Amino acid sequence: MTQTLVLGRPKKARAQECDDAGGPPPDVHAAVRLALAETDVRRFALGALEQLALLLDVPWQGLVCAAPDGRPGEARVLAAQGRYAHWLERPLTQLPEPLLRTLLADALTRGTSVQDATGRMALFIGRPGTGGMVVLLDAPGASAARRPDWRLLDAFCANLGLLLHSRGLLERLHEQAYKDPLLSLPNRARFIEKVDECVNRGLQGHILALVDIDDFSATNDVMGHRFGDRLLEVVARRLGDALPPGVLLARVGADTFGVLGPVGQVAPQRLLDSVGQPLAVEAVPHKVSLTCGWVLLGEGGGSGVDQVKDATIALKRAKRDHRGQHLQYLAHMGAEARARALLLSDLRAAIERQQLFLVYQPQLDLRTGALIGLEALLRWRCEDGRFIPPAQFIPVAEHSGLIVALGEWVLATACRTMRELLDAGRAPLRMAVNVSMAQLQDAGFAATARRALAEAGIEARHLELEITESVAVLPTDFLEATLQTLRAEGVSIAIDDFGTGYSSLSYLERLPLDRIKIDRSFVRQLGEPRGARIAEMVAQLGRRLGLAVLAEGIEDEVACGALQAMGCHEGQGFHLAMPMDKAALDGWLQARA
Ligand code: C2E
Ligand code: MG
Ligand code: MG
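Please read all numbers here as calculations on a predicted model, not as lab measurements. One numbering rule holds for all chains: residues counted from 1, following each sequence as written. In the order they appear in the text, chains get letters beginning with A and ligands get numbers beginning with 1. Per-residue local features are limited, in this predicted model, to residues with pLDDT of at least 70; the limit for side-chain atom pairs, both in listing and counting, is 80 or more; totals at the level of whole chains, interfaces and linings are taken over all residues. Calculation of side-chain values draws on the structure's entire complement of heavy atoms; hydrogens and water are dropped beforehand.

(A) Representation of the coordination of the magnesium ion (ligand 2) in the model. Distances up to 2.8 Å from the metal define which N, O and S atoms are donors, and 3.2 Å serves for Na, K and Ca; water is absent from the atom set, so sites may look incomplete. Protein coordination of the magnesium ion (ligand 2) is provided by Glu375 (OE), Asn434 (OD1), Glu466 (OE) and Asp496 (OD), with donor distances spanning 2.0 to 2.2 Å. Each donor residue of the magnesium ion (ligand 2) lies on one chain, and together they are spaced E-x58-N-x31-E-x29-D. Between the two metal centres, the magnesium ion (ligand 2) and the magnesium ion (ligand 3), the spacing is 4.0 Å, with Asp496 acting as a shared donor. Taken together, the residues Glu375 in strand S16 (residues 371–381) and Asp496 in strand S20 (residues 492–498) connect sequence positions 121 residues apart. The helix and strand labels rest on DSSP assignments: H or I over at least four residues marks a helix, E over at least two residues marks a strand, and numbering proceeds from the N terminus.

(B) Fine view of the environment of Tyr507. Mapped onto the elements of the fold, Tyr507 is located in helix H21 (residues 507–510). Owing to a relative accessible area of 1%, Tyr507 belongs among the buried residues under this scheme. Sequence separation between Tyr507 and Glu480 is 27 residues, and the spatial gap between their C-alpha atoms is 9.8 Å. Within 3.5 Å is the distance limit for a polar contact, defined as a pair of N or O atoms, with the added protein rule that one can donate a hydrogen and the other accept it, and that residues adjacent in sequence qualify only through two side-chain atoms. In terms of polar contacts, Tyr507 uses its side chain to reach the side chain of Glu469, at 3.1 Å. Using a 1.4 Å probe on the protein chains alone, a residue whose accessible area is under 20% of its type maximum counts as buried, one over 50% counts as exposed, and one in between counts as partly exposed.

(C) Geometry of the pairing of strand S13 (residues 290–296). Among the 7 residues in S13, 6 count as buried, and that is most of the element. DSSP-based pairing: two strands are paired if at least 2 bridges between them are found. Taken together, the 7 bridges between strand S8 (residues 206–213) and S13 define a ladder with antiparallel strand orientation. The residue bridging Ile213 from the neighbouring strand is Leu290, located in S13. Of the pairings in the sheet, the one linking S13 to strand S14 (residues 326–328) comprises 3 bridges and is parallel in character. Following the sheet pairing, Cys292 is matched in S14 by His326.

(D) Molecular detail of the coordination of the magnesium ion (ligand 3). Protein coordination of the magnesium ion (ligand 3) is provided by Asp496 (OD), Asp497 (OD), Glu552 (OE) and Glu552 (OE), with donor distances spanning 2.0 to 2.3 Å. Read N to C, the donor residues that coordinate the magnesium ion (ligand 3) are spaced as D-D-x54-E. Asp496 sits in the buried class, given a relative accessible area of 5%. On the accessibility criterion, Asp497 (23% relative accessible area) is partly exposed.

(E) Region of the structure containing the side chain of Arg430. Structurally, the position occupied by Arg430 is in strand S18 (residues 430–434). Classification of Arg430 as buried rests on a relative accessible area of 7%. Residue contacts are counted whenever heavy atoms from the two residues lie within 4.5 Å of one another. Beyond its immediate sequence surroundings of up to four residues, Arg430 is in contact with Gln363, Ile372, Gly373, Leu374, Met418, Arg461, His462, Leu463, Glu464, Ser492, Arg515 and Glu570.

(F) Main features of the confidence of the model for the protein. Residues at a pLDDT of 70 or more form 90% of the protein, whose mean pLDDT is 86. For every residue, the predictor states its confidence as a pLDDT score lying anywhere from 0 to 100. The low-confidence segment residues 1–26 (pLDDT under 50) makes 41 contacts with residues lying over four places distant or belonging to another chain.

(G) Structural detail: the sheet that holds S13. Spatially, S9-S10-S8-S13-S14 is the arrangement adopted by the 5 strands of the open sheet, whose pairing is mixed. Each having just a single partner strand, strand S9 (248–253) and S14 make up the two edges of the open sheet. Taken over all neighbouring pairs, the strand axes of this sheet differ in orientation by 20° on average, direction set aside. Axis definition: a line fitted to C-alpha atoms, over the contacting stretch in the case of helices. Angles run 0 to 180 degrees between N-to-C directions.

(H) Structural view of the layout of surface pockets. Here a cavity denotes a set of grid points, spaced 1 Å apart and computed over the protein atoms alone, in which a 1.4 Å probe fits but from which it cannot get out, and a pocket denotes an open set meeting protein on both sides within 12 Å along at least five of seven lines; residues with an atom within 4 Å of a point are reported as lining. Grid points are joined across faces, edges and corners, and a volume is the space filled by probe spheres set on the points. By volume, the largest pocket amounts to about 1800 Å³. In terms of lining, the largest pocket is formed by 49 residues, of which the most central are Ile394, Pro395, Glu398, Ser436 and Thr468. It is helix H15 (residues 390–400) that contributes the most residues to the lining of the largest pocket, 6 residues altogether. Here the residues of the lining of the largest pocket are counted per class, giving 20 nonpolar, 14 polar and 15 charged. Domain extents, as shown, originate in an automatic or database domain assignment. For the lining of the largest pocket, the two domains that each supply at least three residues are domain 2 (179–329) and domain 3 (355–592). The volume enclosed by the second largest pocket comes to roughly 480 Å³. Lining of the second largest pocket is provided by 20 residues; of these, Glu74, Arg76, Ala177, Tyr178 and Ala189 occupy positions nearest its centre. The set of elements that each furnish at least two residues to the lining of the second largest pocket consists of strand S2 (76–80), helix H8 (169–178) and helix H9 (188–200). Take the lining of the second largest pocket: its biggest share by element is 5 residues, from H9. Taken together, the residues that form the lining of the second largest pocket break down as 9 nonpolar, 4 polar and 7 charged. Each of domain 1 (4–174) and domain 2 (179–329) contributes no fewer than three residues to the lining of the second largest pocket. Under the scheme applied, nonpolar residues are Ala, Val, Leu, Ile, Met, Phe, Trp, Tyr, Cys and Pro; charged residues are Asp, Glu, Lys and Arg; polar residues are all the others, including Gly.

(I) Examining the nonpolar core more closely. In this structure, Trp380, Leu465, Ile467, Ile518 and Leu563 are the most contacted members of the largest nonpolar core, which totals 80 residues. Here Leu465 is in contact with Leu411, Val433, Val435, Phe445, Leu486, Val491, Ser492, Ile493 and Ala494, once residues within four sequence places are set aside. Of all hydrophobic cores here, the second largest spans 32 residues; its members include Ala48, Ala66, Ala79 and Leu164. We define a nonpolar core as any set of buried Ala, Val, Leu, Ile, Met, Phe, Trp, Tyr and Cys residues linked to one another through side-chain atoms lying within 4.5 Å.

(J) Main features of the pattern of salt bridges. Each reported salt bridge corresponds to a side-chain nitrogen of Lys or Arg within 4 Å of a carboxyl oxygen of Asp or Glu. Under the counting rule described, the total for this entry stands at 32 salt bridges. The salt bridge involving Lys582 is made with Glu420; its shortest N-O contact spans 2.6 Å. With Lys582 in helix H25 (residues 582–592) and Glu420 in helix H16 (residues 402–423), this pair connects stretches of sequence that are 162 residues apart. Using a relative accessible area of 26% as the deciding quantity, one classes Lys582 as partly exposed. For Glu420, a relative accessible area of 40% puts it in the partly exposed group.

Okay, structure coming up:
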């Protein structure tokens, strides 16, 4: 029975929608009986909306909003239908129509039902003064042609109001609004409110810390969500045990906890140490590490939300550079984060305005001067003609994940250029494309690469992927598998910027590789005394491993000669050819023909 109320309008109501002549009157008592069975406040709200529409004989189009504790300032939309559907869960204060906001707030504060000039009705359900909910319905006909029977409406609303209170539904709303159901900890909304309280009272010497479980989503994926839930519970318990009573512990994100308390009682390192000993999760010992970003309240000022934002900036940075450690928020971090955010939004706009394009830098055989490849390089030219260097915007694109879509475009465009060159009979052996770690970690990468090849109609052997050492050293089977498959299909793989990663070289044996690119910092030293040692070593290493070696950044004849003398026969650099846009490349190729 309950389901009828929730899941759909009863058949009778649907019939009435079409039959304006009116059918049998709605069975109000049945509706109340149905609502009686409801224990969930949102389902109750949806049921009330439906039954009131039925009673008024108006389309089922409206919304219901209510506030925990009956505080109208915090009211949210609990149920919404028709043109209001996308307002679900929005705070009343953020609804886009000011008149509607006033109407709803008016009904909630006064605890009475009201109607505006356009016929919209805000019907109050509850007890004035102790909170309740307001059902809003578009009832244009109700104001003129068919006046509502207010007595019947009032009685109906009063009945629903009794149910609302006797079943403690509003109290549950409060709980739902402020408590995390899994961990029974205060949630993000509550946490921010508490930080706000602290800020408003001008409390000094308080610390706000955000603690995040490292690699939680990977654990969740591998071990399953049930395990993930248990892990969260155990970590929450450990954190709770590490804090004296009175310090607030909240769950503010999927795997992020918020801690708020006096400096003397909250030590970030103690929070991290709380998981020093392995945790028993479903009787399995499990080792986790935590990362923490924290801020001293009252230093930078700002509201609770601002302070949480600052701690989030510190947390993100710690995640990136100091995993398993804690980091305090400092003002310059905010400035940097804002600059990055600005650059990111500019980059998004630039992509839309098609301000990004590719240039191609030739890779030559140093002995014969023959063209062996082209490296595709991204360029961003602003409206004023200024170029933003890739070294600036690529990291931002990587950090935000935008690189996945951007990289897909680069692959597709570079492959299309290769097709055109093949058609013109001027193509080199391959087109080299740079790929970032975020792209390779994306499950769809191999498919993306295949699609780019297929859509351009070129063979896999025409494509080379350049990955940096930092990607290569990632101990992921997934990366290995992705590269193995693509290479088996004919794509070649090059290690870019070789020698700059300061890492163990074991990946050279583990990964399927074709080529090493000597970083230009080593090529630049070739003119200096003893400057050739690293380049020499790389050339030798490549030969031993049976890999081709290509030198980047060749800027003069000296370097060119030195490289050849050490057996490095492939090169790329301003001395040989600049990176060129499509038109310039066509000219360059034509001139060589
Ligand atoms: P990279 O892959 O090592 O690219 C070679 C860089 O060296 C390019 O800088 C190129 O313009 C520059 N270069 C070439 N010859 C010379 C030379 O003789 N002297 C000097 N000093 N530099 C030379 P660019 O285009 O600024 O790119 C910088 C980096 O940005 C690239 O380094 C690559 O890591 C990244 N990048 C560029 N395009 C893409 C892309 O489409 N996707 C990804 N993921 N990264 C890209
Ligand atoms: Mg490269
Ligand atoms: Mg490079």
